[in-house]
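Topology and contacts: notes
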Amino acid sequence: DGGITQSPKYLFRKEGQNVTLSCEQNLNHDAMYWYRQDPGQGLRLIYYSQIVNDFQKGDIAEGYSVSREKKESFPLTVTSAQKNPTAFYLCASSMSGGSNQPQHFGDGTRLSIL
Amino acid sequence: QKEVEQDPGPLSVPEGAIVSLNCTYSNSAFQYFMWYRQYSRKGPELLMYTYSSGNKEDGRFTAQVDKSSKYISLFIRDSQPSDSATYLCAMSPGGSGAGSYQLTFGKGTKLSVIP
């Protein structure tokens, strides 16, 4: 089945630790996105990538980093500089980065602080 | 004023009722409008996707866009307990410039359909 796979479903971070969230898609989509969802808030864009080896900061990129070495993969690293990392992280993809292409989401990773 | 306003609910209706979910927005540049359904501990699932003003129907779901009023709606007919979820509206500007892809989301409305 085609889709977006995020792993792990739950992740715990210790103080001062970097953690990496995985996102893989087999939809052959060019564009991929990372969002953060907090209770009572809308989804906020962290980073996006329209094509391999290229990515751009979203609205809340501070404390996060990404890479896009392969079309199907867009991992997100939550660094120790992100002081409030507890949230639900969602990865999305779309056929291209154009405004007329709907975004489809994975089932998320919930990150908590130990 | 928030860019996209959506009543958070919760909204509770009996099975079989017609449900109306709404969002208002302030940015007249928005051209593409989406509704997502999100079950607890899951990612959002695209329900409806419309361009500009007008209506779109898909089964029990109807999306309406009124750009003159900056108002979008999602109607659910013959609501079922399986429709119980949080519904998110989202929108993006048109064109091909920087940020044209970027979605702006409402905060979501939590719906419960009671058997």
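So, how was this worked out
- Residues numbered from 1 in each chain as written.
- Chains lettered and ligands numbered in written order.
- Predicted model: local features only at pLDDT ≥ 70, side-chain atom pairs only at ≥ 80, totals over all residues.
- Heavy atoms only, no water.
- Helix = DSSP H or I, 4+ residues; strand = E, 2+ residues; numbered from the N terminus.
- Rg over C-alpha atoms; globule rule 2.2 N^0.38 Å.
- Buried < 20%, exposed > 50% of the residue type's maximum accessible area, 1.4 Å probe, protein only.
- Contact = heavy atoms within 4.5 Å.
- Areas by Shrake-Rupley, 256 points an atom, 1.4 Å probe, with all protein chains shown as cover.
- Lys, Arg positive; Asp, Glu negative; His and termini not counted.
- Charge placed at Lys NZ, Arg CZ, Asp CG, Glu CD.
- 1 Å grid on protein atoms, 1.4 Å probe; cavity = no way out; pocket = protein on both sides within 12 Å on 5 of 7 lines; lining within 4 Å.
- Points joined across faces, edges and corners; volume = space filled by probe spheres on them.
- Nonpolar A, V, L, I, M, F, W, Y, C, P; charged D, E, K, R; others polar.
- Buried area = accessible area lost by both parts, 1.4 Å probe.
- Salt bridge = Lys/Arg side-chain N within 4 Å of Asp/Glu carboxyl O.
- Polar contact = N/O pair within 3.5 Å; in protein donor to acceptor, adjacent residues only side chain to side chain.
- Disulfide = S-S within 2.5 Å.
- Patch = residues over 30% accessible without salt bridge, like charges linked within 9 Å, V, L, I, M, F, W, Y side chains within 5 Å.
- Pairing = 2+ DSSP bridges.
- Axes fitted to C-alpha atoms, helices over the stretch in contact; angles between N-to-C directions.

Observations regarding the overall build of chain A
Helix and strand content of chain A: 0 helices and 11 strands. In sequence order, the secondary structure elements of chain A are arranged as β-β-β-β-β-β-β-β-β-β-β. For 114 residues, the compact-globule estimate of 2.2 N^0.38 gives 13 Å, and the C-alpha radius of gyration of chain A, at 13 Å, lies within 12% of that figure. Buried residues in chain A amount to 48% of all 114 residues. Of the contacts formed within chain A by residues at least 6 apart in sequence, a portion of 53% connects residues at least 24 apart. Counting only carbon and sulfur atoms, one obtains 46% of the accessible surface of chain A, whose full area is about 5,400 Å². Side chains of chain A give 11 positive and 11 negative charges; the mean places of these two sets differ by 6 Å.

As for the layout of surface pockets
Put simply, the largest pocket is a space of about 560 Å³. Lining the largest pocket are 25 residues; nearest its centre among them are Gln37(A), Pro39(A), Gln38(B), Ser40(B) and Thr86(B). Elements supplying a minimum of two residues to the lining of the largest pocket: strand E9 (87–94) and strand E11 (109–113) of chain A together with strand E9 (85–93) and strand E11 (109–114) of chain B. Across the lining of the largest pocket, the residue classes break down as 9 nonpolar, 10 polar and 6 charged.

Considerations on the interface of chain A and chain B
In this assembly, 25 residues from chain A lie in contact with 21 residues from chain B. Buried area between chain A and chain B, summed over both chains or domains, comes out near 1,800 Å², and the portion from carbon and sulfur atoms is 54%. Measuring nitrogen to oxygen at the nearest pair gives 3.6 Å for the salt bridge that ties Asp107(A) to Lys42(B). In this structure, the connection of chain A to chain B is made through 5 residue pairs in polar contact (both at pLDDT 80 or more). Elements that contribute at least two residues to the side of chain A that touches chain B include exactly strand E4 (31–37), strand E5 (44–51), E9 and strand E10 (104–105) of chain A. Across the side of chain A that touches chain B, the residue classes break down as 10 nonpolar, 12 polar and 3 charged.

Some points on the pattern of salt bridges
Residue and element names in this part refer to chain B. A full pass over the atoms with the stated rule returns 7 salt bridges over all chains. A salt bridge links arginine 60 to aspartate 83, with the shortest nitrogen-to-oxygen separation between them at 2.9 Å. In this pair, arginine 60 is assigned in the loop between strand E6 (54–58) and strand E7 (61–66) and aspartate 83 in the loop between strand E8 (71–76) and E9, connecting sequence segments 23 residues apart. The partly exposed category is assigned to arginine 60, whose relative accessible area is 25%.

Regarding the state of the cysteines
All names here are of chain A. Counted under the stated rule, the structure contains 2 disulfides over all chains. Bridging cysteine 23 to cysteine 91, the disulfide has an S-S length of 1.9 Å. Disulfide cysteine 23 to cysteine 91: torsion about the S-S bond roughly -75 degrees, handedness left-handed. Here cysteine 91 lies in strand E9 and cysteine 23 lies in strand E3 (residues 19–25), a separation of 68 residues in the sequence. With respect to burial, cysteine 23 and cysteine 91 carry one shared label: buried.

Considering a nonpolar patch on the surface
Residues and elements named next belong to chain A. A cluster of nonpolar side chains, contributed by Tyr10, Phe12 and Leu114, occupies part of the molecular surface with about 360 Å² of accessible area. On the secondary structure map, leucine 114 appears in the segment after E11. Leucine 114 sits in the exposed class, given a relative accessible area of 62%.

Some words on the environment of Leu74(B)
All names here are of chain B. Mapped onto the elements, leucine 74 comes out in strand E8. Using a relative accessible area of 0% as the deciding quantity, one classes leucine 74 as buried. Sequence spacing of leucine 74 and serine 52 is 22 residues, and the spatial spacing of their C-alpha atoms is 15 Å. With residues up to four places along the chain from it excluded, the contact list for leucine 74 reads Val19, Ser20, Leu21, Trp35, Leu47, Met48, Phe61, Thr62, Ala63 and Tyr87.

Let's talk about the sheet that holds strand E1 (residues 4–6) of chain B
All names here are of chain B. A sheet is described by the order of its strands in space; here 5 strands give the open sequence E1-E3-E8-E7-E6, paired in antiparallel fashion. For this open sheet the edge positions go to E1 and E6, each flanked by a neighbour on one side alone. Mean inter-strand twist for the sheet, computed between neighbouring axes without regard to direction, equals 15 degrees. As defined by bridge partners, strand E3 (residues 19–25) adjoins E8 across 6 bridges and the pair is classed as antiparallel. Counted as the bridge partner of asparagine 22 is serine 73 from E8.

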